[in-house]
Structures are given as C-alpha cells and as structure tokens.
Amino acid sequence: MKRIGVLTSGGDAPGMNAAIRAVVRTGISKGMTVLGVRRGYNGLILDRTETPEIEADIVELSVRSVSDIIQRGGTLLYSARCQEFRYESGLQKAKATCERHGIEGLVVIGGDGSFRGAADLSARGIACVGIPGTIDNDIAMTDYTIGYDTAMNTAMELVDKLRDTAQSHDRCTVVEVMGRNAGYIALNTGVSCGATAILTRETGTSAEDVITRIKNTQTTGKHHFIVVMCEGVGNAAEVAKEIEKHTGVESRASVLGHVQRGGSPTVRDRVAASRLGHRAVELLSNGIGNRVVGFDRNELVDFDIQDALRMTKEFDFSLYNVGMDISF
Ligand code: ADP
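Residues numbered from 1 in each chain as written. Predicted model: local features only at pLDDT ≥ 70, side-chain atom pairs only at ≥ 80, totals over all residues. Heavy atoms only, no water.

K.L.:
Run through the site of the ligand, naming residues and quoting values.
P.N.:
By nearness alone, 15 residues border the ligand, and Arg 81, Cys 82, Gly 111, Gly 113 and Ser 114 come closest of all. Between an oxygen atom of the ligand and a main-chain N or O atom of Gly 111, the distance comes to 2.9 Å. Note that an oxygen atom of the ligand is positioned 3.0 Å from one of the backbone N or O atoms of Gly 113. Among the residues making up the shell around the ligand, the classes are represented as 3 nonpolar, 7 polar and 5 charged. (Near = heavy atom within 4 Å. Polar contact = N/O pair within 3.5 Å; in protein donor to acceptor, adjacent residues only side chain to side chain. Nonpolar A, V, L, I, M, F, W, Y, C, P; charged D, E, K, R; others polar.)

Here you go:
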C-alpha cells in the first residue's frame, strides 16, 4: 500500500492528535503518502479539494505538518458525525473519493459508530483500520481507549475543587460526569475522589440508595459528601434536591460536560495513541484491512471489525465494591 488516509470521527478525545502524528510518521517512514481527511467521513463525501475558497477536505500530511501536536487536545483534522455515510449513496461517494485520490487504505480514529462505518467501507474495497478514540472507554474489544485517562484526570481535578467548597460549607456536591453508554469515568472518578455514592447504569444505584449511604455516613461524623453520577442515569439537580430533603445536608449539583473532552493528553493517552497509530499503519502496509487495534492488558491486539463490534465488556464491580467499602 502506497497511499493511505487518516481521519477522526465521532466524539473527539484528547490524544487523537498523538494518534494522527503516529499514523503520519509511521506511514512516511514506510515510504507511504499519508492524506488527512477533515471532519470525519464528511471529508470523503464532500471532497472540496479543488475549491480554493473553501478549506480542502483532503490534504497531504508531511512529517512537519504533525509537529507540535502530540501535547494538544482536540484533533487537527476536526471531527464530525456524518449521516450520509450510513447509507449506500454516501458509502459509494466515499469509495469514489478514495479511488480519485488513490487512497488504498484508511485509518479511522473514533468509537464504535465510526468502526461500523469503517467495516462498511472495507466491504466496498477500501481497507480500513480502526483506532479506538473515545473518552468513555466503551469499546469492548480493547481494555483502553485514547482519551479515557485524560478525561478521568480532568474529572478528578474538578471534583477535588468541588470537594474544597463542599467541605467549607458542610455540603453535598452531586457531580455528573460523561459516559453516555458506560459508567467507567463515573466509577474511577468516584473511587479516586472518595465519593460516598456512585450512580451508573451498571450499578443501578437509586437516589434512595444514595440517601441511605449519606445517612449512614453522617453517623460517623462526616459533614460533607461527594456523589458522582454518570450522564444519562438521572438529573443531578433533582438528586441534589432529594438528598437535601431527606438528609438535611445542603446540596449542590454540577454538570462537568464538555470540559472533560479537552486538555493536554496524559502520558498514558499519548503513549497509547502512539502505539495504536504505529500498529494500524503496520497492518495497512502489510495489506491488512477491516481490523480494529486495541489493548489486551497493555499488549497490542487487533480484531476483525465485525467480531470486535459483537464483543461485550464487563463493568468492574470489584472496583465499585472497593469504592463503596472505603467511602463512609
Ligand atoms: P463514535 O464513533 O464516537 O461512536 P458515532 O456513533 O456518532 O460516534 O459515529 C460516528 C460516525 O460513524 C457517524 O456519524 C457515521 O458517519 C458513522 N457511522 C455510525 N454508525 C454507522 C453505521 N451503522 N454504518 C455506517 N456508518 C456509521
């Protein structure tokens, strides 16, 4: 393979830039030309490369064009969702664009949705390799996804700040963190911040459970409390109101939101992104497509995309139990 593309798709995550850098540098060191596709699959469908007044959707990336990005959050290729790519018409446009640019292989950095698209495009003759990039760590085939560590550390730092003010006023702080499909950020933030209660879809913790835990903890002389909720399991303001009503502890709600998606990636995210990017290009250079790369206990692994999408991931209840056993 002599010409490959790289794109970032779906929700952005810190470390995507480090992965792009690894893909570009590995490709060039193997004698390939590497093209950057902007705004996810939209770039393959729009293909405004010949429209001087509009930023090109597909650009050749040099060794130097990925300088000074390993430490930056976000993605220099932009990320987006693309409805049209879900339909045959969109896939055919994307395939035609790849053929026009001589793109034989494509590295797709994103989540499960992006991998479905990569499988569809692979089935139409463009060899795709997926790299798991999402702060939620909700991809079953890998123990670890790019952005997860940075997001958890951001959430932890912010909850630490909320703890200071909760402690000063004998309050309860109810914090909603990200993780629409998975409670891993909530679990690890909760344990690392000493949360009295953690609410995720997997744990099924109710507002009543939280109130019981706070009441039990009050008997030990504790005056301030942290409750961590995963987005999608309820409304933080309502939970705070219930806590205040039933325990008498003044309660405040905070939704951390998109701040968790930004920031300079941690060591773990930069190293993971570099390793995954390098392996993805190795596969393409050996003519292997329709794969997703990931980690199994810190060892690089790769799977057929369809097989990867059928896998399921276990929630770490033993970690949850540790958190609950020591936070009272
Ligand atoms: P993520 O990759 O973070 O899971 P999405 O689920 O939004 O994010 O998917 C990103 C993009 O991948 C979508 O906008 C679409 O272009 C493509 N995609 C998602 N699901 C499919 C699918 N079933 N078939 C083809 N393309 C898909």
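K.L.:
Describe the sheet that holds strand S9 (residues 251-255), and please don't skip the residues or the numbers.
P.N.:
Strand order in the open sheet formed by 4 strands is S7-S8-S6-S9, with parallel pairing between adjacent strands. The outermost strands of the open sheet, each flanked by one partner alone, are strand S7 (197-199) and S9. The sheet shows a mean angle of 15° between the axes of neighbouring strands, direction not considered. In this sheet, strand S8 (residues 225-230) lies alongside S7 in parallel orientation, the contact comprising 3 bridges. Among the inter-strand pairings, Leu 199 is bridged to a residue of S8, identified as Met 229. The strands touched by helix H8 (residues 236-247) within the sheet are strand S6 (172-177), S8 and S9, with S9 carrying the most contacts at an inclination of about 165°. (Pairing = 2+ DSSP bridges. Helix = DSSP H or I, 4+ residues; strand = E, 2+ residues; numbered from the N terminus. Axes fitted to C-alpha atoms, helices over the stretch in contact; angles between N-to-C directions. Contact = heavy atoms within 4.5 Å.)

K.L.:
Please give an account of the pattern of salt bridges that cites residues and values.
P.N.:
As enumerated under the stated definition, the model contains 16 salt bridges in all. Two residues, Arg 297 and Asp 296, come together in a salt bridge whose shortest N-O distance is 3.0 Å. What makes Arg 297 exposed here is its relative accessible area of 68%. Using a relative accessible area of 33% as the deciding quantity, one classes Asp 296 as partly exposed. Each of the salt bridges in this network shares a partner with another, and the network as a whole consists of Arg 38, Arg 39 and Glu 55. (Salt bridge = Lys/Arg side-chain N within 4 Å of Asp/Glu carboxyl O. Buried < 20%, exposed > 50% of the residue type's maximum accessible area, 1.4 Å probe, protein only.)

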